[in-house]
Amino acid sequence: MRIAGFEFSDGARFQSGAASDQKAARAVGEHLEFLRKQHQNELTPEDVLADARHDNSPLHSYFEWSDTVAAHQHRLAQARGLIRAVVAVYVSDDKPA
């Protein structure tokens, strides 16, 4: 089986300044595939982040490099996870919970 091409998934959201067009999806996908092959067909988030740290990496613009901004974004992601994790249980006088 072979890869026919790359595209970003529907609803994918990136930080401001990161390209989200078909050309960008191809460049990112090809680079991720290159990295996967460099790492014996196993690609980890650590591998991606290490590569993206380089200004000339096609992955660089998809990351927030300001630690202050990144910390805030991470906390917002944690808050979203917390909101999704809590489920309200409703009761009615005539039905059990």
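Preceding this paragraph is the structure being described.
Quick summary incoming for the structure in this document. This is a predicted model, so every value here is computed, not measured. (Residues numbered from 1 in each chain as written. Predicted model: local features only at pLDDT ≥ 70, side-chain atom pairs only at ≥ 80, totals over all residues. Heavy atoms only, no water.)

**Comments concerning helix 2 (residues 45–52)**
And step 1. When we look at burial in helix 2, the residues that qualify are Asp47, Val48, Asp51 and Ala52. Projection of helix 2 onto a plane perpendicular to its axis shows the buried side chains occupying an angular sector of 125°, all on one side. Opposite its buried face, helix 2 presents the exposed residues Pro45 and Glu46, each directed more than 90 degrees away.
And step 2. Turning to helix 2, the residues buried within the fold contact helix 1 (22–38). (Buried < 20%, exposed > 50% of the residue type's maximum accessible area, 1.4 Å probe, protein only. Helix = DSSP H or I, 4+ residues; strand = E, 2+ residues; numbered from the N terminus. Arc of directions from axis to C-beta. Contact = heavy atoms within 4.5 Å.)

**A closer look at the packing of aromatic side chains**
And step 1. Applying the stated rule across the entire model yields four aromatic pairs.
And step 2. An angle of 50° between the planes, with centres 6.1 Å apart, marks the rings of Phe8 and Tyr62 as tilted. Taken together, the residues Phe8 in the segment before helix 1 and Tyr62 in the loop between helix 2 and helix 3 (67–85) connect sequence positions 54 residues apart.
And step 3. The class of Tyr62 is buried, set by a relative accessible area of 17%.
And step 4. Here the aromatic rings of Phe63 and Trp65 are separated by 5.7 Å at their centres, their planes lie at 40°, and the arrangement is tilted.
And step 5. Under the relative-accessibility criterion, Trp65 is labelled partly exposed at 30%.
And step 6. Members of the aromatic cluster, connected to one another through ring pairs, are Phe8, Phe14 and Tyr62. (Phe/Tyr/Trp six-rings, centres within 6.5 Å; stacked < 30°, edge-to-face > 60°.)

**Structural notes on the nonpolar core**
And step 1. Membership of the largest hydrophobic core is limited to eight residues, which are Ala18, Ala24, Val28, Leu35, Val48, Ala52, Leu59 and Tyr62.
And step 2. Mapped onto this core, the elements with two or more residues apiece are helix 1 and helix 2.
And step 3. Looking at which element gives the most residues to this core, the answer is helix 1, with three residues.
And step 4. For Ala24, the contacting residues outside a window of four places in its chain are Phe8, Ala19 and Tyr62. (Core = buried A, V, L, I, M, F, W, Y, C linked by side-chain atoms within 4.5 Å.)

**Regarding the pattern of salt bridges**
And step 1. As enumerated under the stated definition, the model contains two salt bridges in all.
And step 2. For Glu30, the salt bridge goes to Arg26, with nearest N and O atoms at 3.0 Å. Here Glu30 and its partner Arg26 are both found in helix 1, four residues apart, which amounts to about one turn of the helix.
And step 3. Under the relative-accessibility criterion, Arg26 is labelled exposed at 51%.
And step 4. With a closest N to O distance of 2.2 Å, Arg36 and Glu33 form a salt bridge. Taken together, the positions of Arg36 and Glu33, both in helix 1 and three residues apart, correspond to about one turn of that helix. (Salt bridge = Lys/Arg side-chain N within 4 Å of Asp/Glu carboxyl O.)

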